[in-house]
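A structural walkthrough
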Amino acid sequence: MFKKIICKNYEEVSLEAFKVMKEVLETEKAPVLGLATGSTPVGLYKNMIKDHKETGRSYKDILTFNLDEYVGLPKTHAQSYWTFMHENLFNYLDCPEENIHVPSGEGEDPEKNAREYEAELAKHTVSVQVLGIGSDGHIAFNEPGTPFESVTHVAELTEQTISDNARFFEGDKTQVPTKAVTMGLASIMRAKKIILIATGANKADAVYGMLRGEKTIECPASILQDHADVTVILDEAAAAKVAE
Ligand code: PGA
């Protein structure tokens, strides 16, 4: 079931997302947070950092599981998702490093990394999963065509996603890795609660597909139509096709 919140601007979007996060932090003793990279959740993470600083809320009992990681980048690479999460969130909280899980894209056998990640994830129930959405309807790196039953696996990035992400690689598409270890759609669906954040006109079609389109693997986010508790937080541009 979707709860849709349409906001005037990115600050408001980030605050609304934080409200949902805060409720989880306040009601669960040791919450398991499913976290996402990308531009969209950065404002939410800023609110979490501010909350930690200003209210003294401790994050030492949380466990975190990130959605995905590029294959072939060492975790300390400037554009790895491990680095992104540390620079945008973990370095500013008191969450112990051993509580943080980001899939590994390193080594000779990323498929094995994916299996091990899924096994660890399966020991827990994610309290709240943060998601962005790709302009092609992907969630995590589950691109159109990914089976709804998928668990953590190695995925090929589509041309669209490689172009969208080139901005993080000085606009050079050839620098963008072509594969990623990603939680699957079934892995994501096990979360108790989901916050999906989308901003900008380039997300409007994907948002429409997710909320109002046919449930189909051609729009991976449409699987969320079957989830019991999804809060979709949008700015007006991303909500342009679902506003009424
Ligand atoms: P973005 O990515 O937040 O950088 O737009 C979203 C996504 O691809 O899931």
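Below you will find a few notes about this structure. If you're wondering where the values come from, they're calculated on a predicted model, not measured in any experiment.

1. Some remarks on the site of the ligand
Every residue lining the ligand is accounted for by Gly-38, Ser-39, Thr-40, Gly-132, Ile-133, Gly-134, His-138, Arg-167 and Lys-203. Side-chain polar atom of Thr-40 to an oxygen atom of the ligand: 2.4 Å apart, as the coordinates give it. Between the ligand and Arg-167 there is a distance of 2.8 Å, counted from an oxygen atom to a side-chain nitrogen or oxygen. A total of 280 Å² of accessible area belongs to the ligand in isolation, and the protein chains cover 82% of it. Grouping the amino acids of the shell around the ligand by side-chain chemistry returns one nonpolar, six polar and two charged.

2. Some points on the sheet that holds strand β8 (residues 179-182)
Ordered by their spatial adjacency, three strands build an open sheet running β4-β8-β7, and the pairing between neighbours is antiparallel. Single-partner strands in this sheet number two, and they are β4 (68-70) and β7 (153-156). This sheet shows a mean twist of 30° between the axes of neighbouring strands, independent of strand direction. One ladder, built from three bridges, connects β4 with β8; its direction is antiparallel. Within β8, the position partnered with Glu-69 by the bridge is Val-181.

3. Notes on the packing of aromatic side chains
Counted under the stated rule, the structure contains five aromatic pairs. Each ring, one from Tyr-70 and one from Phe-169, has its centre 5.8 Å from the other, and the planes form 75°; the classification is edge-to-face. Taken together, the residues span a long stretch of sequence, with Tyr-70 in strand β4 and Phe-169 in the loop between α5 (159-165) and β8 at a distance of 99 residues. The pair formed by Tyr-70 and Phe-169 is uniform in burial state, with each residue classed as buried. Ring pairing ties together the aromatic residues Tyr-70, Tyr-81, Phe-141 and Phe-169, which thus form one cluster.

4. Details of the pairing of β8
Where β7 meets β8, four bridges bridge the pair, whose relative direction is antiparallel. Directly across from Val-154, in β8, lies its bridge partner Val-181.

5. Some words on helix α2 (residues 42-55)
End to end, α2 covers 20 Å across 14 residues, agreeing with the expected 20 Å (1.5 Å per residue, within 8%). Among the structural elements, α1 (10-27), β2 (32-35), α3 (81-88), β6 (128-131) and β9 (194-198) are those in contact with the buried residues of α2. With its phi angle positive at about 75°, Gly-56 sits one or two positions after the end of α2.

6. Details of the pattern of salt bridges
Under the counting rule described, the total for this entry stands at 13 salt bridges. Two residues, Asp-61 and Lys-60, come together in a salt bridge whose shortest N-O distance is 3.8 Å. When salt bridges that share partners are traced, they join Glu-26, Asp-51 and Arg-57 into one network.

7. Some remarks on the nonpolar core
In this structure, Met-21 and Leu-224 are the most contacted members of the largest nonpolar core, which totals 66 residues. Ranked by residue count, the leading element in this core is α1, at seven residues. Leave out the neighbours within four places in its chain, and Leu-224 touches Phe-2, Leu-131, Ile-139, Met-189, Ile-194, Leu-196, Met-210 and Val-230. Grouped together as the second largest cluster of nonpolar side chains are eleven residues, Leu-157, Ala-166, Phe-169 and Val-176 included.

8. Here's the deal with the environment of Ser-187
Residue position: Ser-187 is located in helix α6 (residues 185-189). Relative accessible area serves as the criterion here: at 5%, Ser-187 is assigned to the buried category. Separated by 62 residues in sequence, Ser-187 and Thr-125 have C-alpha atoms that sit 10.0 Å apart. Once residues within four sequence positions are removed from consideration, Ser-187 is found in contact with Glu-118, Leu-121, Ser-150, Val-151 and Thr-152.

About the cut-offs
- Residues numbered from 1 in each chain as written.
- Predicted model: local features only at pLDDT ≥ 70, side-chain atom pairs only at ≥ 80, totals over all residues.
- Heavy atoms only, no water.
- Near = heavy atom within 4 Å.
- Polar contact = N/O pair within 3.5 Å; in protein donor to acceptor, adjacent residues only side chain to side chain.
- Areas by Shrake-Rupley, 256 points an atom, 1.4 Å probe, with all protein chains shown as cover.
- Nonpolar A, V, L, I, M, F, W, Y, C, P; charged D, E, K, R; others polar.
- Pairing = 2+ DSSP bridges.
- Helix = DSSP H or I, 4+ residues; strand = E, 2+ residues; numbered from the N terminus.
- Axes fitted to C-alpha atoms, helices over the stretch in contact; angles between N-to-C directions.
- Phe/Tyr/Trp six-rings, centres within 6.5 Å; stacked < 30°, edge-to-face > 60°.
- Buried < 20%, exposed > 50% of the residue type's maximum accessible area, 1.4 Å probe, protein only.
- Expected span 1.5 Å × (residues − 1).
- Contact = heavy atoms within 4.5 Å.
- Salt bridge = Lys/Arg side-chain N within 4 Å of Asp/Glu carboxyl O.
- Core = buried A, V, L, I, M, F, W, Y, C linked by side-chain atoms within 4.5 Å.

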